[in-house]
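# Chains, contacts and geometry: an overview
The primary structure of each chain is shown beneath.
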Amino acid sequence: MFQKFLGGKTAIVTGSNSGIGLGVATELAKAGADLVLNSFTDSPDDHALAEKLASEHGVHVRYIQADMSKAEDCRALIEMAGACDILVNNAGIQHVAPIPEFPVEKWDAIIAINLSSAFHTTAVALPIMRKAGWGRVINIASAHGLTASPFKAAYVAAKHGIVGLTKVTALETAHEAITANAICPGYVLTPIVEKQIPDQMKANNMSREDVIAKVMLQRQPSGQFATVEQVGGTAVFLCSQAADQITGTTISVDGGWTAL
Ligand code: NAD
């Protein structure tokens, strides 16, 4: 549908060696964008993934190691990329615990990776986008950026925070050809969700199938996981001309979760 309309543009996707980040990067590559992939690791697999995407989609792909829990790494990632037409702030982690027992180091890590990293990357990316005369900031928030669940204090706080940051970014760029929006997925079956299943099985004394159907997808009226391709396709749409006047908002990809 969108063909290769992003040819000549460079997209930086944080936390993109798995899950939603990889799905978004892949859909942007299909639309012709050159890519900078990122995570905190620096393994042969990370670089092989970059080569695979480049050869499959005929675009330039680089992998740059940077730890999104560190302000200086976030800023260096954008500087090292050399170009940044599309910034996708996607890196994220999760921890589930009641507030009195929530480990302080987990709170700090979630706020740093899921929220502060987007402030640092955006701060360096906006002057680059302004120079180029075009830009897209796409923040991967969550249904938890709009609603809450118990035991996810840091995650819900960070995701509500990134929705707020998205609005400020949009207002500060409103008169320019730059937009900032947040995509709010419901449950997508990626490693971050897989890791929650054993804990939920224990907490609820349920089978894996019951946790998926009765705990996770119970929130999602469609009864289905959203897919990384659907989140990626939404990001591609936000980069299209049709979305030139869409800024400062959230787009839910949640099977109806937030309609409840
Ligand atoms: P995932 O665990 O597959 O991906 C997380 C990515 O972030 C990985 O590439 C990981 O390497 C990277 N990452 C983690 N810590 C990092 C760090 N310190 N520095 C750099 N990269 C780091 O999980 P996912 O589901 O693909 O999550 C991606 C984003 O989507 C997250 O922000 C998450 O909150 C959000 N999200 C996920 C779901 C879901 O159901 N899976 C729903 C809503 C929102």
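Residues numbered from 1 in each chain as written. Predicted model: local features only at pLDDT ≥ 70, side-chain atom pairs only at ≥ 80, totals over all residues. Heavy atoms only, no water.

## Details of the sheet that holds strand 2 (residues 34-39)
Sheet architecture is open: seven strands sit in the order 3-2-1-4-5-6-7, paired in parallel fashion. Each of the sheet's edge strands pairs with one partner strand only, and the pair in question is strand 3 (61-65) and strand 7 (250-253). Along the sheet, successive strands turn relative to each other by an average axial angle of 20°, direction set aside. Here helix 3 (residues 71-81) sits on the sheet in contact with strand 1 (10-13), strand 2, strand 3 and strand 4 (86-89), set at roughly 150° to strand 3. (Pairing = 2+ DSSP bridges. Helix = DSSP H or I, 4+ residues; strand = E, 2+ residues; numbered from the N terminus. Axes fitted to C-alpha atoms, helices over the stretch in contact; angles between N-to-C directions. Contact = heavy atoms within 4.5 Å.)

## Notes on the side chain of N181
When you line up the elements, N181 lands in strand 6 (residues 178-185). Among the polar contacts made by the side chain of N181, one reaches the main-chain carbonyl oxygen of I246 at a distance of 2.8 Å. Sequence-distant contacts of N181, defined by excluding residues within four places in its chain, comprise V137, I138, N139, T166, L238, I246, T247, G248 and T249. (Polar contact = N/O pair within 3.5 Å; in protein donor to acceptor, adjacent residues only side chain to side chain.)

## A few points about the layout of surface pockets
Empty space within the largest pocket amounts to approximately 990 Å³. For the lining of the largest pocket, the elements supplying multiple residues, two or more each, are helix 1 (19-30), strand 2, helix 5 (153-172), helix 6 (191-194) and helix 7 (196-204). Within the lining of the largest pocket, the residues separate by chemical class into 18 nonpolar, 18 polar and five charged. Summarising the domain contributions, the lining of the largest pocket has at least three residues from each of domain 1 (10-187 + 226-253) and domain 2 (189-225). Estimates place the volume of the second largest pocket at around 300 Å³. Around the second largest pocket, the lining is made up of 14 residues, and of these V96, P150, F151, Q200 and V215 lie nearest the centre. Among the elements of the structure, helix 7 and helix 8 (208-216) are those that each provide at least two residues to the lining of the second largest pocket. The biggest single contributor to the lining of the second largest pocket is helix 7, with five residues. Taken domain by domain, the lining of the second largest pocket gets at least three of its residues from each of domain 1 (10-187 + 226-253) and domain 2 (189-225). (1 Å grid on protein atoms, 1.4 Å probe; cavity = no way out; pocket = protein on both sides within 12 Å on 5 of 7 lines; lining within 4 Å. Points joined across faces, edges and corners; volume = space filled by probe spheres on them. Nonpolar A, V, L, I, M, F, W, Y, C, P; charged D, E, K, R; others polar. Domains from an automatic or database assignment.)

## Some points on the environment of D254
As for its position among the elements, D254 is in the segment after strand 7. By relative accessible area, which is 6% here, D254 ends up buried. Separated by 71 residues in sequence, D254 and I183 have C-alpha atoms that sit 9.8 Å apart. Discounting chain neighbours no more than four positions away, the residues touching D254 are C184, P185, G186 and Q220. (Buried < 20%, exposed > 50% of the residue type's maximum accessible area, 1.4 Å probe, protein only.)

## Here we look at the nonpolar core
Core analysis: the biggest nonpolar cluster contains 35 residues, and L28, L35, L37, I86 and I138 have the highest contact counts within it. Among the elements of the structure, strand 1, helix 1, strand 2, helix 2 (44-57), strand 3, strand 4, strand 5 (135-140) and helix 9 (228-238) are those that each provide at least two residues to this core. Filtering out sequence-adjacent residues up to four positions away, L35 remains in contact with A11, A25, L28, A29, L53, H60, V61 and R62. Of all hydrophobic cores here, the second largest spans 21 residues; its members include I64, M68, M129 and A170. (Core = buried A, V, L, I, M, F, W, Y, C linked by side-chain atoms within 4.5 Å.)

## Some details on the domain arrangement of the protein chain
Segmentation of the protein chain into domains returns domain 1 (10-187 + 226-253) and domain 2 (189-225). With 15 residues of domain 1 at the interface, the matching set in domain 2 holds 12 residues. Together domain 1 and domain 2 conceal approximately 970 Å² of surface at their shared face, both sides included; 58% is due to carbon and sulfur atoms. Of all residues in domain 1, the largest losses of buried area upon contact with domain 2 belong to Q94, Y187 and A226, amounting jointly to 57% of the total for that side. For the interface between domain 1 and domain 2, the tally reads four residue pairs in polar contact (both at pLDDT 80 or more). Of the residues in the side of domain 1 that touches domain 2, the class split is six nonpolar, eight polar and one charged. (Buried area = accessible area lost by both parts, 1.4 Å probe.)

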